[in-house]
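The chain contents come next:
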Amino acid sequence: MTDIAHQRLLIIDFGSQVTQLIARRLRELNVYCEIHPFQNVTAAFLADFAPMAVILSGGPASVIDEGSPRPPEEVFTLGVPILGICYGQQVMMQMLGGKVERGHGTAEFGRAYVTPHDAKLPLLDGWFQSGPEQVWMSHGDHVSAIAPGFNVYGTSPNAPSAIVADTGRNFFAVQFHPEVHHTPNGKTLYENFVRLAGFDGDWTMGAYREQAIAAIREQVGDAKVICALSGGVDSSVAAVLIHEAIGEQLTCVYVDHGLMREGESEQVVGMFREHYNLPLIHADESELFLGELDGVSDPETKRKIIGKLFIDVFEKHAKAMGGAEFLAQGTLYPDVIESVSFSGGPSVTIKSHHNVGGLPEKMGMKLVEPLRELFKDEVRALGRELGLPDSFIGRHPFPGPGLAIRCPGEITREKLDILRRADAVYIDQIRKHGLYDEIWQAFVAILPVRTVGVMGDGRTYDFACALRAVTSVDGMTADYYPFSHEFLGETATRIINEVPGINRVTYDITSKPPGTIEWE
């Protein structure tokens, strides 16, 4: 349990794919909230967490099934406002004396329209101003009888209890998902809910900065801390924040694994040494990493090798500096959420998270993770609060394994050199056309195939590459960026003319899902 001084809202997660969006909507309203899987929320947890309000998320289960997820009974006796969403509505009704039935023609998936019913409800201030409200439904079961004390305030064609409330207890429940953008007025509903709950909107980056610094000092004491500085936004913000808290007790280790982009190491090391005066070790370990990766083509094996070598390097430098009690890293809240299965059961591993799940016991160090309560956009806001330049804060995300996962198949120095040059041209093109800030992430992947081409009067047999550019809010979902054909043609021409070793350029138009943003 994290000791948070702010007013707190608890989101009990029943496994919805969009639970994280609830947290994002609330954070945008300056309300601090945490997502916890239902099985972790006990009566003791509730007493310790002391939320000012509770939201029950959606989920894939049916409340009718034996053993289906439930919050503890004590949640309904806290005396705080509760909002149930989709499955959260159904579980409220079932537990409080209502009834839920199977679909039987009342299932709704996708866009629907809710019309007002019964008296005015403060939760719906600003709704129904010009007729029915568009919402996003995703339910098979439906509430066939509302619980005692509740009234209906909104209906849809297949959800006669689309919005219900017990105004005496400030219990509210909706069958739709107000957190998704397909419910255009959903933000207003959340604004009304947190207002009714009495939140002051005290979750600001200035307040978080002060609180985080105090927490770091309390955790670390006078011990030494080694920080894994990758050069990305997350680890950089973590390093500056920790340095502000404990000064010379912090030593940053920037591991140059030979898989960085063109000029990146010089840029990162220069910025931290010149502007932040941080104790910084520039560990050139490119021979070690590239040697261990030689001949390896499986992407998960690459990630595991790189992760192990990072730990080995940190351990070596921790010993060299006389021992460090803590390792700091830039773990974010989405990393933490994704590492917990809502049901407590096994979940599919899409990719290994190198910074979630603890440390090898042999290191004997504890973790300092001051950003693990923040989303990516909040980390950027904290970075600005700490004075990092916008040009750095706004950089596209760059993965810890670096170019290794943008080089499908075996990694060679030749392919890495070609990839660096192509990527530099591509990013230069994006900047020249003023598109960099419109794009969440852009990069080149060099493909493990050679293709025949013609340059001048001669035959070529060189590598093909794929350009990737996506738009996203938090990296959880993404869509490809709609470049013009003129831009793509101009960029392909530049890469082929300026980068020896590439004679064919493609553009990846896969969204996430079904693809991932990175190629491996």
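A short tour of the structure in this document, coming up. For every chain, the first residue of the written sequence is number 1, and numbering continues from 1 onward in sequence order. Side-chain atom pairs in this predicted model are given and counted only at pLDDT of 80 or more, local residue features only at pLDDT of at least 70, and totals for whole chains, interfaces and linings cover all residues. Hydrogens are left out, water is left out, and the side-chain values use all remaining heavy atoms of the structure.

**Examining the pattern of salt bridges**
Thought 1: One speaks of a salt bridge when a side-chain nitrogen belonging to Lys or Arg is within 4 Å of a carboxyl oxygen belonging to Asp or Glu. If you walk through the whole model with that rule in mind, you get 27 salt bridges.
Thought 2: A salt bridge links Arg169 to Asp166; the nearest nitrogen and oxygen atoms lie 2.8 Å apart.
Thought 3: The shortest N-O distance in the salt bridge between Asp428 and Arg494 comes to 2.8 Å. Residue Asp428 is found in helix H13 (residues 413-432), and its partner Arg494 is found in helix H14 (residues 485-498); the two are separated by 66 residues along the sequence.
Thought 4: Residue classification places Arg494 among the buried positions, given a relative accessible area of 18%.
Thought 5: Taken together, the shared-partner salt bridges connect Arg24, Arg25, Glu28 and Asp377 into one network. Only DSSP runs of H or I reaching four residues or more are called helices, and only runs of E reaching two or more are called strands; each is numbered from the N terminus. Relative accessibility decides the category of a residue: with a 1.4 Å probe and only protein chains considered, values under 20% of the type maximum give buried, values over 50% give exposed, and everything between is partly exposed.

**Some remarks on unusual backbone geometry**
Thought 1: Cis geometry marks the peptide bond from Lys512 to Pro513; its omega dihedral reads -15°.
Thought 2: Mapped onto the fold, Pro513 is located in the segment after strand S20 (502-507).
Thought 3: In this structure, the amide linkage connecting Pro513 to the following residue, Pro514, adopts the cis form with an omega of 10°.
Thought 4: Relative to the helices and strands, Pro514 resides in the segment after S20.
Thought 5: Although it is not a glycine, Asn30 adopts a positive phi angle of roughly 60°.
Thought 6: A positive phi angle, close to 60°, is found at Phe128, a residue other than glycine.
Thought 7: Mapped onto the elements, Phe128 comes out in the loop between strand S6 (108-116) and strand S7 (133-139).
Thought 8: Phe128 sits in the buried class, given a relative accessible area of 17%.

**Concerning the sheet that holds strand S16 (residues 366-368)**
Thought 1: Read across the sheet, five strands follow the order S14-S13-S12-S15-S16 without closing on themselves; strand pairing throughout is parallel. Of all strands in the sheet, those with a lone pairing partner are strand S14 (280-284) and S16, marking the two edges. Strand after strand, the sheet turns through a mean of 30° between neighbouring axes, direction not considered.
Thought 2: Taken together, the five bridges between strand S13 (residues 250-256) and S14 define a ladder with parallel strand orientation. Within S14, the position partnered with Cys252 by the bridge is Leu280.
Thought 3: Two residues form a contact once any of their heavy atoms are found within 4.5 Å. Axis lines are fitted through C-alpha atoms, for helices just across the contact stretch, and the angle between N-to-C directions can take any value from 0 to 180 degrees. Contacts from helix H9 (residues 299-320) reach strand S12 (225-229), S13, S14 and strand S15 (326-328), with the element oriented near 140° to S13. Any two strands between which DSSP finds at least two bridges are classified as paired.

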